[in-house]
Amino acid sequence: MRNRFTAFVIALLLLPPLALTLAGQEWQPPAPLEGSAWLPAFFATGIVILFGALLDMLTFRRTGHSLWRAQRSYLLWCAVAGAILGMLLAWLNLFADSWATPSASASASLLFAMLCATTLLPAVLITRLWLSGLLKLVTRRLALPALPAEAAAKSLLLAAFIGLMVGPIHIEHLGWLFWLSPLLLLVALQLLWNESTVFDGLQQGDWSRLLLGALSGILVCGIALATYRAGGGNIYLAAETWQLLYGFALFGLLCLQIGDIVAEHWRGKPRGEVFKRKPFPISVVTKKDQ
């Protein structure tokens, strides 16, 4: 788990500035906007917490299962992972200029994103669980053929590498691939380690997790953005509505994938570790040896 997440963080931190260096381009820090940001951000964060708590309570009443009651430590670690994810996405935005906030510096914008994303990832997980009980999607339809894990991982790594290396240079044409690259990279690392991905159900025709994850990202991020603006926050979005929904959906899937990685710590030990095999051959003690 740590090796994969470390490789993921290092790749996102190093590849975009390396791309600009190889292309001979200089990095230009985005100009901050005028207006308030921190107070509206705290307001939006509080609303997202209340929204997640409400859905968690409704899920508990309907199914008897609650992430906060049953898996509180897991949810808190997901909040930590969400803060790191927010910082990484804000770092990528320094090379894409997809949004701008009233942050005085690049470091302030990273802290601003960490604050906002701390509650977003747990809220996405709770929302997905809540939606799974409301929306009974039809499964076992449109099953996709299973690809060899190693070949699929190499293809995804190549696509992520192109997105992170070429995207910052031609962001106007490859912006969609640039923002898709974090998810592709994380899924590729999961395949290389023989772990689960958000796309596993597609081989059996189960699209529910993929669709509900994207819908959860759109719902949670939409509420956070709306409450941030309602609280007087200023933000510039260099995207049309469909591009914004695309980004929110990708964020939801990325949250689910990171949630799976964090959950690996709580998995049971393999059967081979629980029941130790006796060494072979088994030694035989005779009376003469005693």
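Above this note sits the structure.
Quantities reported herein were computed from a predicted structural model and do not represent experimental measurements.

### Some words on helix α1 (residues 2–23)
Between its terminal C-alpha atoms α1 stretches 32 Å, which fits the 32 Å expected from 22 residues at 1.5 Å a residue. For α1, the principal kink sits at L15 and spans about 25°; a proline, P16, occurs within the next four residues. Considered for burial, the residues of α1 that qualify are R4, F5, F8, V9, A11, L12, L15, P16, A19 and L20. Contact partners of the buried residues in α1: α4 (72–96), α6 (149–166), α7 (171–192) and α9 (241–263). Of the residues one or two after α1, G24 is the one with positive phi, at around 75°.

### Here we look at unusual backbone geometry
If you check the backbone angles, D97 has positive phi at about 55° while not being a glycine. Relative to the elements of secondary structure, D97 occurs in the loop between α4 and β1 (99–100).

### Let's talk about the packing of α6 against α7
Relative to each other, α6 and α7 sit at 145°, their axes nearing to 7 Å. Along this stretch, α6 crosses α7, giving a crossing that reads as left-handed. Across the interface between the two elements, A149, A152, A153, L156, L157, A159, A160, I162, G163, L164 and V166 from α6 touch L174, L177, F178, S181, L184, L185, V187, A188, L191 and L192 from α7. Per-class residue counts for the contact of α6 with α7 are 19 nonpolar, two polar and no charged.

### Notes on the packing of aromatic side chains
Counted according to the given criterion, the structure contains six aromatic pairs. Ring centres of W38 and F112 lie 5.7 Å apart, and the angle between their planes is 80°; this geometry places the pair in the edge-to-face category. Here W38 is found in helix α2 (residues 38–63), whereas its partner F112 is found in helix α5 (residues 106–134), with 74 residues between them in sequence. Residue classification places W38 among the partly exposed positions, given a relative accessible area of 37%. Between W91 and F95 the ring centres are 5.2 Å apart and the planes differ by 75°, which places this aromatic pair in the edge-to-face class. Linking W91 with F95, this pair stays in helix α4, spanning four residues, or about one helical turn.

### Quick look at the packing of α4 against α5
Two elements in contact, α4 and α5, have axes separated by 6 Å at closest approach and are oriented at 135°. Taken together, the axis directions place α4 and α5 in an arrangement best described as oblique. In terms of crossing hand, the pair formed by α4 and α5 is right-handed. By residue class, the composition of the contact of α4 with α5 is 20 nonpolar, four polar and no charged.

### Focus: the side chain of S216
For S216, the location among the structural elements is in helix α8 (residues 208–230). When sequence neighbours within four positions are dropped, the list of residues in contact with S216 reads V124, T127, R128 and L131.

### Some details on the layout of surface pockets
A volume near 1100 Å³ is recorded for the largest pocket. Together, 42 residues line the largest pocket, and W99, L237, L244, G247 and F248 are the ones closest to its centre. For the lining of the largest pocket, the secondary-structure elements that each account for two or more residues are α2, α4, α5, α7, α8 and α9. It is α9 that provides the largest number of residues to the lining of the largest pocket, a total of nine residues. Its residues placed into classes, the lining of the largest pocket shows 33 nonpolar, eight polar and one charged. Here the second largest pocket defines a volume of roughly 460 Å³. Lining the second largest pocket are 22 residues, and of these A152, L191, T197, F199 and Q203 lie nearest its centre. When residues of the lining of the second largest pocket are traced back to their parent elements, those giving at least two are α6 and α7.

### Describing the nonpolar core
If you look at the biggest cluster of nonpolar residues, it comprises 71 residues, and the most contacted ones within it are F8, L85, F251 and I258. Every element with two or more residues in this core is listed here: α1, α2, α4, α5, α6, α7, α8 and α9. In this structure I258 touches F5, A81, L85, L121 and L186, once residues within four positions along its chain are discounted.

### Observations concerning the pattern of salt bridges
Opposite charge on two side chains makes pairing possible when the charged atoms of those side chains draw close. As enumerated under the stated definition, the model contains four salt bridges in all. The salt bridge partner of R69 is D56, with a shortest N-O separation of 3.9 Å. Of this pair, R69 sits in helix α3 (residues 67–70) while D56 sits in helix α2, and the two are 13 residues apart along the sequence. Given the relative accessible area of 47%, R69 is considered partly exposed. On the accessibility criterion, D56 (6% relative accessible area) is buried. Its salt-bridge partner being R209, residue D260 comes within 2.7 Å of it at the nearest N-O pair. Of this pair, D260 sits in helix α9 while R209 sits in helix α8, and the two are 51 residues apart along the sequence. By relative accessible area, which is 24% here, R209 ends up partly exposed.

The rules behind each value
Residues numbered from 1 in each chain as written. Predicted model: local features only at pLDDT ≥ 70, side-chain atom pairs only at ≥ 80, totals over all residues. Heavy atoms only, no water. Helix = DSSP H or I, 4+ residues; strand = E, 2+ residues; numbered from the N terminus. Expected span 1.5 Å × (residues − 1). Bend = angle between axes of the 7 residues up to and from the residue. Buried < 20%, exposed > 50% of the residue type's maximum accessible area, 1.4 Å probe, protein only. Contact = heavy atoms within 4.5 Å. Axes fitted to C-alpha atoms, helices over the stretch in contact; angles between N-to-C directions. Left-handed = near helix turned anticlockwise from the far one by under 90°. Nonpolar A, V, L, I, M, F, W, Y, C, P; charged D, E, K, R; others polar. Phe/Tyr/Trp six-rings, centres within 6.5 Å; stacked < 30°, edge-to-face > 60°. Parallel < 35°, antiparallel > 145°, perpendicular 65-115°, else oblique. 1 Å grid on protein atoms, 1.4 Å probe; cavity = no way out; pocket = protein on both sides within 12 Å on 5 of 7 lines; lining within 4 Å. Points joined across faces, edges and corners; volume = space filled by probe spheres on them. Core = buried A, V, L, I, M, F, W, Y, C linked by side-chain atoms within 4.5 Å. Salt bridge = Lys/Arg side-chain N within 4 Å of Asp/Glu carboxyl O.

Read these as layout, nothing more, since geometry by itself doesn't imply function.
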